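# Descriptive structure summary
Here are the chains, one letter per residue:
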Amino acid sequence: MTAKISLRGVTKTFSVRAANLGRSTEFTAVAGIDLDVREGEFLTLVGPSGCGKSTLLDLIAGLTRPASGRILLDGEEITGPGLDRGVVFQQYALFPWRTARGNIEFGLEAKGAGRRERRERAGEFLDLVGLTGFADRYPHELSGGMRQRVAIARSLAFDPEVLLMDEPFAALDAQTRESLQEELLGIWERTGKTVVFITHGIDEAVYLGQRVAIMTSRPGRIKEIVDIGFDSREGDLRADPRFGQYRHHIWTRLRDEVAAAQANEREAVGTGG
Ligand SMILES: Nc1ncnc2c1ncn2[C@@H]1O[C@H](COP(=O)(O)OP(=O)(O)OP(=O)(O)O)[C@@H](O)[C@H]1O
Ligand SMILES: [Mg+2]
C-alpha cells in the first residue's frame, strides 16, 4: 500500500514567553516524528494530554509549518490547507454568523456545488448526526455536543479524501458517540477515505482504528504502532477477547507515558522553568 500521508523527522517548536527570563524561548512540542498513513487507512492516535497530538494534526492540515522535517500528501509537500483535507477541531470551530445548515453548506460552496445540491446534502448530513430539527439554529443556540456534531457533519458533507479528526466525539453522550462511531466506520468503508483520528479513549482507538499510533509524552514522538487485527467490524467487536488484549496493551504503554509526563512536570516546577 502506498503512503497517503508521510511524515519524516517532523519537529515543531513554538516560541513562548519565559516570564522569569524576560525573553522568549523555543518550546519543542513534537520532535522527530516519522509516520506513514496508508491510502484508505483508518489510523487512530493516542497519547498523554499535551504530548502534541493536536499540533501534529494542525501540521498535516497545513495550518502550521514544521520547524524541520517533511510532510507529504500523495508525495507532494504540504504547504497549506486544502480542500483535499477536512478537519474536525478539538474545539468546535463553527462560523457563529451561520446557522447549522449554513455551516455545513460552507464547504460545499468552496467546492462549487449548486444551491439546491448544497441544501440537500446539508439536510442529509444534519439527519446523519441527529440534528434534523436544528438546521436553522445558530451555534450559540446549540449545546456543545450539538456544535461538535455540526462540525462533524460539515467535514463529512464536503467529502474530502482525508479526514483529520481531533477528539471529535469527546463531548458527546455514550449513545450518540456509539452511533456516530458506527456512521463514521460506515462512511469510511463506503468511501475509502484516509482517516487520522485522535482520541483519549483507548476503547475508541481500538474499535475504530486499523492501527493505533501511541505517542510519547512531550515532546511527542511516535512510541509504537499497534496493528489491530480484526478482519471486519461486523458483530460485537468489544466482546472479542482480542479487544481486551489490545486495550490492555495500549493502556499499559500509555500509563508509562503519563507517569513520565508527570515526572517532567514536577521537574519543571521544581526548577522554576
Ligand atoms: N500556539 C502554541 N504556542 C505555544 N505552545 C503551544 C501552542 N500550541 C500548542 N502548544 C504546546 O504544545 C504542546 C502540545 O500541545 P497539543 O495541543 O498538541 O497537545 P495535545 O496532545 O493535543 O493535548 P490534549 O490531549 O490535551 O488535547 C503543549 O505543551 C502546548 O502547551
Ligand atoms: Mg489536543
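Scroll up to find the structure this text is about.
These figures come from a predicted structure and were not determined experimentally.

All chains considered together, the criterion is met by 18 salt bridges. Here Arg116 and Glu120 are joined by a salt bridge, their closest N and O atoms 3.7 Å apart. One end of the pair is Arg116 and the other is Glu120, both in helix α3 (residues 115-128) and four residues apart, which spans about a single turn. Neither Arg116 nor Glu120 differs from the other in exposure class; each is exposed. Salt bridges here are not isolated pairs; linked through shared partners, they connect Lys4, Glu39, Asp74 and Glu161.

A few words on the nonpolar core. Core analysis: the largest hydrophobic core is formed by 46 residues, its most contacted members being Phe42, Met165, Leu184, Phe197, Val206 and Ile250. By residue number, the principal contributor to this core is helix α4 (residues 144-157), which donates seven residues. Not counting residues up to four positions away in its chain, the partners in contact with Val206 are Val212, Ile228, Phe230, Phe243, Tyr246, Arg247 and Ile250.

This brings us to the site of ligand 1. In the neighbourhood of ligand 1, 16 residues make up the surrounding shell, with Ser49, Gly50, Lys53, Ser54 and Thr55 lying closest. Between ligand 1 and His200, the relevant distance is 3.3 Å, taken from an oxygen atom to a side-chain nitrogen or oxygen of the residue. The protein chains hide 66% of the 640 Å² of surface that ligand 1 would expose on its own. Those elements that place two or more of their residues in the shell around ligand 1 are β1 (3-18), β2 (23-38) and α1 (53-61). Per-element tally for the shell around ligand 1: the top contributor is α1, with three residues.

In this section: the sheet that holds strand β9 (residues 211-215). As summarised here, the arrangement of the six strands in space is β6-β7-β8-β3-β9-β10, forming an open sheet in which the pairing is mixed. In the strand order of this sheet, the two ends are held by β6 (85-88) and β10 (222-227), each with one partner. The mean angle between the axes of side-by-side strands here comes to 15 degrees, regardless of whether they run parallel or antiparallel. Pairing geometry for strand β3 (residues 42-46) and strand β8 (residues 194-198), over four bridges, is parallel. What sits directly across from Phe42, in β8, is Val195. The strands that α1 touches are β3, β6, β7 (162-166), β8 and β9; relative to β7, the one it contacts most, it runs at about 155 degrees. Of the strands in this sheet, β3, β7 and β8 are in contact with helix α5 (residues 174-191), which crosses β3 at around 140 degrees.

Attention now moves to the layout of surface pockets. By volume, the largest pocket amounts to about 430 Å³. What lines the largest pocket is a set of 18 residues, and nearest its centre among them are Arg85, Val87, Phe89, Phe106 and Phe158. When residues of the lining of the largest pocket are traced back to their parent elements, those giving at least two are β6, α2 (100-110) and α4. Taken together, the residues of the lining of the largest pocket sort by class into 12 nonpolar, four polar and two charged.

Looking at the magnesium ion (ligand 2), the protein donor atoms are Ser54 (OG) and Gln90 (OE1), and they sit 2.0 to 2.2 Å from it. One end of the pair, Ser54, is in helix α1; the other, Gln90, is in the loop between β6 and α2, with 36 residues separating them in the sequence. Note on Ser54: relative accessible area 23%, which makes it partly exposed. The exposure class of Gln90 is partly exposed, given its relative accessible area of 36%.

What follows concerns α2. Turn by turn, an α-helix covers 3.6 residues, leaving residues three or four places apart pointing in a common direction. In terms of burial, α2 is largely enclosed, as eight of its 11 residues are buried. Taken together, the buried positions of α2 are occupied by Ala100, Arg101, Gly102, Asn103, Ile104, Glu105, Gly107 and Leu108. Just beyond α2, the residue with positive phi is Gly112, at close to 85 degrees.

If a strand is regular, its side chains alternate between the two faces of the sheet. In this structure, β9 lies alongside β10, joined through five bridges in antiparallel fashion. Looking across to β10, one finds that Arg211 is bridged to Asp227. Connecting the antiparallel pair β9 and β10 is a turn made up of six residues.

What follows covers the side chain of Thr194. One can find Thr194 in strand β8. A relative accessible area of 1% means that Thr194 is categorised as buried. Not counting the four nearest positions on each side in its chain, Thr194 is found in contact with Lys4, Val37, Arg38, Glu39, Gly40, Glu41, Glu161, Val162 and Leu163.

Conventions we followed
Residues numbered from 1 in each chain as written. Chains lettered and ligands numbered in written order. Predicted model: local features only at pLDDT ≥ 70, side-chain atom pairs only at ≥ 80, totals over all residues. Heavy atoms only, no water. Salt bridge = Lys/Arg side-chain N within 4 Å of Asp/Glu carboxyl O. Helix = DSSP H or I, 4+ residues; strand = E, 2+ residues; numbered from the N terminus. Buried < 20%, exposed > 50% of the residue type's maximum accessible area, 1.4 Å probe, protein only. Core = buried A, V, L, I, M, F, W, Y, C linked by side-chain atoms within 4.5 Å. Contact = heavy atoms within 4.5 Å. Near = heavy atom within 4 Å. Polar contact = N/O pair within 3.5 Å; in protein donor to acceptor, adjacent residues only side chain to side chain. Areas by Shrake-Rupley, 256 points an atom, 1.4 Å probe, with all protein chains shown as cover. Pairing = 2+ DSSP bridges. Axes fitted to C-alpha atoms, helices over the stretch in contact; angles between N-to-C directions. 1 Å grid on protein atoms, 1.4 Å probe; cavity = no way out; pocket = protein on both sides within 12 Å on 5 of 7 lines; lining within 4 Å. Points joined across faces, edges and corners; volume = space filled by probe spheres on them. Nonpolar A, V, L, I, M, F, W, Y, C, P; charged D, E, K, R; others polar. Donors = N, O, S within 2.8 Å, 3.2 Å for Na, K, Ca; no water.

In short, shape yes, function no, at least from these values alone.
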